[in-house]
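Descriptive analysis of the structure
One-letter residues, chain by chain:
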Amino acid sequence: NQHIRVFHTPESLYGHQVMQKIRENEIDETELKVNPGMSFPEDHYWIVLNLTNQDTSATNIFLEIDYPQLDFIEVFEVDSNQSKILYTTGDEFPFDQRPILSRNYIFPLSIQPLDTSTVLLHLRKFKSAMRFPLNLYKEKAYNSSHFKSNLIYSLYFGIILLVALTSIVLGVILRKSTFVIYSLYILSFGLWLFTRLGYSYQFLIPNFPELNQHLL
C-alpha cells in the first residue's frame, strides 16, 4: 500500500546509505505487483515503512514478517540524518536471538503520540525466492491472534501424530506394511509442514542455524 516501498540492491549497504540513495532517487523502487524475489533472489532487499501513531499516547506495536524462512534481517529506525539499528536476526543466528521467540519474525516497535516513525528492513534469503508478507498488530491484537494460531496448529499436528501412530499400530496388528508406509508418509508430511511454518527451528534445532537454513 502507500505506506510501504520496496527496493533492492546487488550489494550490502548501511541503513543511512540506503536512505540517502532512496531520497536522491539513486535506487529504483521495486514494482509491488510482482514477486521481485523470484527475479533477483541474491539481492539485498530494503523495505521502507512509514508508521503513524494517531493516538495521544505512545503506542507499542508488533511488526511481523509472516514467512519464517529468511536468512538475514536487520531493522533500522531512520530519520533525516541517521539510522539506528534496532534488531539483527535471521536463520543465520540461534533462535534465542530473535526479539520475540516466535516461529515468525516479530519486532516490537514504539511510536510516540501523534508521530510518524520511518522503519527500514534489510532482508536476505540465499539461493531461494524471497517472500516478506508483513502484518502490523497492536499488542492486544497480537497476543490474541497468535494464541489462536498456536492453539490451532497444536491441534492440527496432534491429529497428524495420532493418525500416524494409529496407522503404525494397525500395521503391526494386521501385519500389513501398507499401514506402516502410510504412517511414514504422514510423519514426513507433518515434519515438512512443521518446518515450513517455522516450528522445527523453534522446537527441534534452535541452536543449529547452519542446519536450519537447509532443513526445509
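All of these numbers come straight from a predicted model, not from anything done at the bench. Residue positions are counted from 1 within each chain, in the order its sequence is given. Reporting in this predicted model follows two pLDDT cut-offs: at least 70 for local features of residues, and 80 or more for side-chain atom pairs to be given and counted; totals over whole chains, interfaces and linings ignore these cut-offs and use all residues. Side-chain numbers come from the whole structure's heavy atoms, not from hydrogens or water.

**Structural notes on the overall build of the chain**
Under the convention used in this document: In DSSP terms, a helix is any run of H or I states spanning at least four residues, a strand is any run of E spanning at least two, and both are numbered starting from the N terminus. Each residue is placed in one exposure class: buried if its accessible area under a 1.4 Å probe, protein chains only, is under 20% of its type's maximum, exposed if it is over 50%, and partly exposed if it falls in between. By the convention used here, residues are in contact when the closest approach between their heavy atoms is within 4.5 Å. What sets the accessible areas is the Shrake-Rupley method with a 1.4 Å probe; for residues, cover comes only from the shown protein chains. Charged-residue counts in this description rest on Lys and Arg as positive and Asp and Glu as negative, His and the chain ends being excluded. By convention, the charge on Lys lies at NZ, on Arg at CZ, on Asp at CG and on Glu at CD.
A count of helical and extended segments in the chain gives six helices and eight strands. Each helix and strand of the chain, placed in order from N terminus to C terminus, yields the pattern β-α-α-β-β-β-β-β-β-β-α-α-α-α. Referenced to the eigenvectors of the C-alpha coordinate spread, the extents of the chain come out at roughly 70 × 40 × 35 Å. Taking all 216 residues of the chain together, 41% fall into the buried category. Once local pairs closer than 6 in sequence are excluded, the contacts in the chain between residues at least 24 apart make up 70%. Accessible surface computed for the chain: about 12600 Å², of which carbon and sulfur atoms make up 58%. The centroid of the 17 positive side-chain charges in the chain is displaced by 12 Å from the centroid of its 21 negative side-chain charges.

**Topic: the environment of tyrosine 142**
As for its placement among the helices and strands, tyrosine 142 is situated in helix H3 (residues 139–174). For tyrosine 142, a relative accessible area of 9% corresponds to the buried category. Through-space distance from the C-alpha of tyrosine 142 to that of leucine 63 is 9.5 Å; in sequence the pair is 79 residues apart. Beyond its immediate sequence surroundings of up to four residues, tyrosine 142 is in contact with Phe62, Ile100, Ser102, Ile106 and Tyr137.

**Quick word on a nonpolar patch on the surface**
Short version of the rule: What goes into a patch is any residue over 30% in relative accessible area without a salt bridge, connected to like charges within 9 Å or, for nonpolar side chains (Val, Leu, Ile, Met, Phe, Trp, Tyr), within 5 Å. Salt bridge, as applied in this entry: a Lys or Arg side-chain nitrogen positioned within 4 Å of an Asp or Glu carboxyl oxygen.
Together, Tyr156, Ile159, Val163, Tyr182, Tyr185, Phe189, Trp192 and Leu216 line one region of the surface with nonpolar side chains, adding up to about 800 Å² of accessible area. Residue assignment for the nonpolar patch shows that the elements contributing at least two residues are H3 and helix H4 (177–196). Broken down by element, the residue count for the nonpolar patch peaks at four residues, all from H4.

**With respect to the packing of aromatic side chains**
Spelled out, the test is: Only the six-membered ring of Trp is used, alongside the rings of Phe and Tyr, when aromatic pairs are assigned; centres must lie within 6.5 Å, and planes under 30 degrees apart are stacked while those over 60 apart are edge-to-face, with the rest tilted.
Under the criterion given, the structure shown has 15 aromatic pairs. When the ring of tyrosine 87 is compared with that of phenylalanine 107, the centres are 5.6 Å apart and the planes differ by 35°; the resulting orientation is tilted. Here phenylalanine 107 lies in strand S6 (residues 105–111) and tyrosine 87 lies in strand S5 (residues 83–89), a separation of 20 residues in the sequence. Residue tyrosine 87 is classed as partly exposed on the basis of its relative accessible area of 22%. Chaining the aromatic ring pairs together yields one cluster made of Tyr153, Tyr156, Phe157, Phe194, Tyr199 and Phe203.

**With respect to the side chain of threonine 195**
Relative to the elements of secondary structure, threonine 195 occurs in helix H4. If sequence neighbours within four positions are ignored, threonine 195 has contacts with Gln69, Ser200, Leu215 and Leu216.

**Structural notes on the sheet that holds strand S8 (residues 134–138)**
What counts, and what does not: Only when DSSP finds a minimum of two bridges between them are two strands counted as paired. Angular values range over 0 to 180 degrees, each being the angle between N-to-C directions of two axes fitted as lines to C-alpha atoms, with helices fitted over their stretch in contact.
Overall, antiparallel pairing links the three strands, which are arranged S6-S3-S8 in an open sheet. The open sheet has two edge strands, S6 and S8, and neither has a second partner. Averaged over all neighbouring strand pairs, the angle between strand axes comes to 25°, with direction disregarded. One ladder, built from five bridges, connects strand S3 (residues 59–65) with S8; its direction is antiparallel.

**What about the side chain of glutamine 69?**
Stated precisely, the cut-off is as follows: What qualifies as a polar contact is a pair of N or O atoms within 3.5 Å, subject to a donor-acceptor requirement within protein and to the restriction that residues adjacent in sequence count only when both atoms come from side chains.
Position of glutamine 69 among the secondary structure elements: in the loop between S3 and strand S4 (72–78). Here the side chain of glutamine 69 touches arginine 196 through a polar contact of 3.5 Å, landing on its backbone oxygen. Aside from chain neighbours lying at most four places away, what touches glutamine 69 is Asp91, Lys125, Thr195, Arg196, Gly198 and Leu216.

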